[in-house]
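# Fold and geometry: a report
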Amino acid sequence: MSPHATGPLLSRRTLLSALAASNLAAICPARAWEDIDRAESSSMIDAPRLIVGGGPDSLPGQVAPILAAALTRGLATSGPVTTHYDMGRDGVTAANLFDTVSPEADGGTTILAPGAALIASLSGDARVHFDFSRWAALIVARRPVVTLARGELHRTIRSRLSGLFHDRPVRLAVSHPTGVELTSLLGLSLLGLHPLPVSGYATKEAAFEALKNGQVDAVQLTPGPGDDLSADIAAAPQGIKPIFYSGPVIAGVPDFEATYHMARDRAPSGPLFQAWQAVANAAASALVLAMPMLTPPLAIARWRHASQEAIMDPALKSWNDTQHLVVTAGAEAAPLLNQLEPELTALLALRRWINNNQPRWRQGQETRPT
């Protein structure tokens with residue numbers, strides 16, 4: 001090819017390349033904007049709603065109007081976040097309803113569940129038809145839980161482990177054996193203290209009165225509105241001492257691992273201890289706001305952003321402070337919910353332990369050693 005022919009050929013190639021580039025530049029941005037528009041429209045929340053795990057007088061029910069208003073501002077939707085109350089006692093009915101939501105088609109439904117619903121799931125309650133491992137956490141609100149018992153149990157724990165006090169079980173005040181007090185019941189059992197759950201004590205006042213009267217030996221204490229946990233511990237009946245806690249740190253109270261090491265000169269381990277960790281974290285989780293894990297990612301992102309905005313709302317912050325709650329929102333809430341999901345071997349160990357002991361508890365017998 002001659003040198004004279006090269007110039008025109010390159011010019012034609014340059015022209016074609018320029019035309020192709022201009023066409024792509026014209027087409028690609030339009031398609032990109034269309035994709036963004038579709039993504040934005042799919043993440044819009046048309047009718048956001050909050051399924052509340054309890055009636056208006058329950059802990060979730062009390063905060064639901066405040067939380068719904070704060071979430072509405074964070075979501076910036078045309079309509080408010082509506083609330084749907086469950087009149088059950090522990091949020092199981094609401095969680096069952098929530099589990100029927102189709103996340104792909106919805107994207108606007110959340111649940112506000114108490115820790116009691118999660119404990120019911122862990123314990124294998126026959127009413128439970130939901131799986132909280134399929135939830136995406138938006139907010140987790142935690143508060144401390146402490147197990148108190150007569151000081152003599154604490155001082156002679158090694159003696160009890162050697163069987164010296166085998167004929168004297170630790171009577172634990174509970175609302176019911178597999179309720180929120182399961183963390184104390186299982187924890188005392190792991191320590192070798194042969195607890196006997198005594199049902200019917202649903203309030204702190206009733207449990208403390210039973211301690212004063214010598215009807216029970218141990219109680220589980222959680223701070224409520226206006227409570228001062230340190231003051232309550234100090235004001236406990238004479239001889240009552242904290243044995244261990246779960247959840248946020250309680251100054252001057254040993255955690256379960258420290259108490260266990262003191263009793264047995266080794267760290268706790270094994271499937272049943274792993275189950276206790278999940279149960280203890282569930283008991284300390286006063287409230288969990290979540291949505292289905294398979295919800296479209298952009299919708300989850302909007303809710304998580306709204307949740308982070310909501311916990312800064314002055315009215316909600318004031319309520320949380322009154323309830324002694326330590327609140328985590330957004331993506332940081334996910335690991336806290338994951339702590340409530342034990343491995344299968346631990347879950348099976350927990351349910352086997354419960355099934356073996358429930359007949360004994362109904363007959364007023366102490367917990368069988370682990």
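Residues numbered from 1 in each chain as written. Predicted model: local features only at pLDDT ≥ 70, side-chain atom pairs only at ≥ 80, totals over all residues. Heavy atoms only, no water.

A separate point is the sheet that holds strand β3 (residues 109-114). Sheet architecture is open: six strands sit in the order β2-β1-β3-β10-β4-β11, paired in mixed fashion. Each having just a single partner strand, β2 (82-85) and β11 (326-329) make up the two edges of the open sheet. Direction aside, neighbouring strands of the sheet carry axes that sit 20° apart on average. Where strand β1 (residues 49-52) and β2 come together, four bridges link them in parallel fashion. Residue pairing across strands places Leu50 opposite Thr83, the latter belonging to β2. Relative to strand β4 (residues 135-142), helix α12 (residues 297-310) is tilted by about 10°, and along the sheet it contacts β3, β4, β10 (285-292) and β11. (Pairing = 2+ DSSP bridges. Helix = DSSP H or I, 4+ residues; strand = E, 2+ residues; numbered from the N terminus. Axes fitted to C-alpha atoms, helices over the stretch in contact; angles between N-to-C directions. Contact = heavy atoms within 4.5 Å.)

Here the focus is the packing of helix α11 (residues 271-284) against helix α15 (residues 344-362). If you want to describe how two helices pack, look at the angle between their axes and the distance between the axes. Look at α11 against α15: their axes get within 8 Å of each other, and the N-to-C directions meet at 90°. Considering their axes alone, α11 and α15 lie roughly perpendicular with respect to each other. When α11 is examined against α15, the residues Pro271, Leu272, Gln274, Ala275 and Val279 are found in contact with a partner set consisting of Thr345, Ala346, Ala349, Leu350 and Trp353. Its residues assigned to classes, the contact of α11 with α15 comprises eight nonpolar, two polar and no charged. (Parallel < 35°, antiparallel > 145°, perpendicular 65-115°, else oblique. Nonpolar A, V, L, I, M, F, W, Y, C, P; charged D, E, K, R; others polar.)

Right, let's get into the packing of helix α7 (residues 182-190) against α15. With their axes 13 Å apart at the nearest point, α7 and α15 run at an angle of 95° to one another. Between α7 and α15, the angle is such that the two are roughly perpendicular. For the pair α7 and α15, the contacting residues are Leu182, Leu185, Leu186 and Ser189 in the first and Leu350, Trp353, Ile354 and Trp361 in the second. Split into classes, the residues belonging to the contact of α7 with α15 amount to seven nonpolar, one polar and no charged.

Evaluated as defined, the whole model comprises 10 aromatic pairs. Consider the rings of Phe273 and Trp276, whose centres lie 6.2 Å apart with planes at 10°: the pair is stacked. In this pair, Phe273 and Trp276 both sit in helix α11, three residues apart, roughly one turn of the helix. The pair Phe273 / Trp276 is uniform in exposure class, with both members buried. (Phe/Tyr/Trp six-rings, centres within 6.5 Å; stacked < 30°, edge-to-face > 60°. Buried < 20%, exposed > 50% of the residue type's maximum accessible area, 1.4 Å probe, protein only.)

Turning our eyes to something else, we now look at α15. Turn by turn, an α-helix covers 3.6 residues, leaving residues three or four places apart pointing in a common direction. With 19 residues, α15 extends 27 Å from end C-alpha to end C-alpha; this agrees with the ideal 27 Å at 1.5 Å per step. Along α15, the sharpest kink reaches roughly 30°, centred on Asn356 and followed within four residues by the proline Pro359. In the core, the buried residues of α15 are packed alongside α4 (115-122), α7, β7 (195-199) and α11. Positioned one or two residues after α15, Gly364 has a phi angle of 75°, which is positive. (Expected span 1.5 Å × (residues − 1). Bend = angle between axes of the 7 residues up to and from the residue.)

Before going further, it helps to examine the pairing of strand β8 (residues 218-221). Going residue by residue along β8, you find Ala218 and Gln220 tucked away on one face and Val219 and Leu221 tucked away on the opposite face as well. Relative to β8, strand β5 (residues 145-150) runs antiparallel, the two sharing four bridges. Paired with Thr147 across the strands is Gln220, a residue of β8.

What follows concerns the nonpolar core. Ranked by size, the top nonpolar core spans 59 residues in total, and within it Ile111, Trp135 and Trp353 carry the most contacts. At 10 residues, α11 tops the list of elements feeding residues into this core. Of all hydrophobic cores here, the second largest spans 31 residues; its members include Ala64, Ala141, Leu289 and Leu325. (Core = buried A, V, L, I, M, F, W, Y, C linked by side-chain atoms within 4.5 Å.)

Looking now at the side chain of His194. For His194, the position within the fold is in the loop between α7 and β7. Owing to a relative accessible area of 12%, His194 belongs among the buried residues under this scheme. Of note is the side chain of His194, whose polar atom sits 3.4 Å from the backbone oxygen of Gly192. (Polar contact = N/O pair within 3.5 Å; in protein donor to acceptor, adjacent residues only side chain to side chain.)

Below, the discussion takes up the pattern of salt bridges. Per the counting criterion, the structure on display carries nine salt bridges. In this structure, the salt-bridge partner of Asp313 is Arg73, at a minimum N-O distance of 2.6 Å. Of this pair, Asp313 sits in the loop between α12 and α13 (314-322) while Arg73 sits in helix α2 (residues 59-75), and the two are 240 residues apart along the sequence. Residue class for Arg73 comes out exposed when judged on its relative accessible area of 53%. (Salt bridge = Lys/Arg side-chain N within 4 Å of Asp/Glu carboxyl O.)

Turning our attention to helix α10 (residues 256-264). Within α10 the residues assigned to the buried category are Phe256, Thr259, Tyr260 and Ala263. For α10, the buried positions fall inside an angular range of 100° around the axis, keeping them on one side. Phi turns positive, to about 60°, at Asp265, one or two residues after α10. (Arc of directions from axis to C-beta.)

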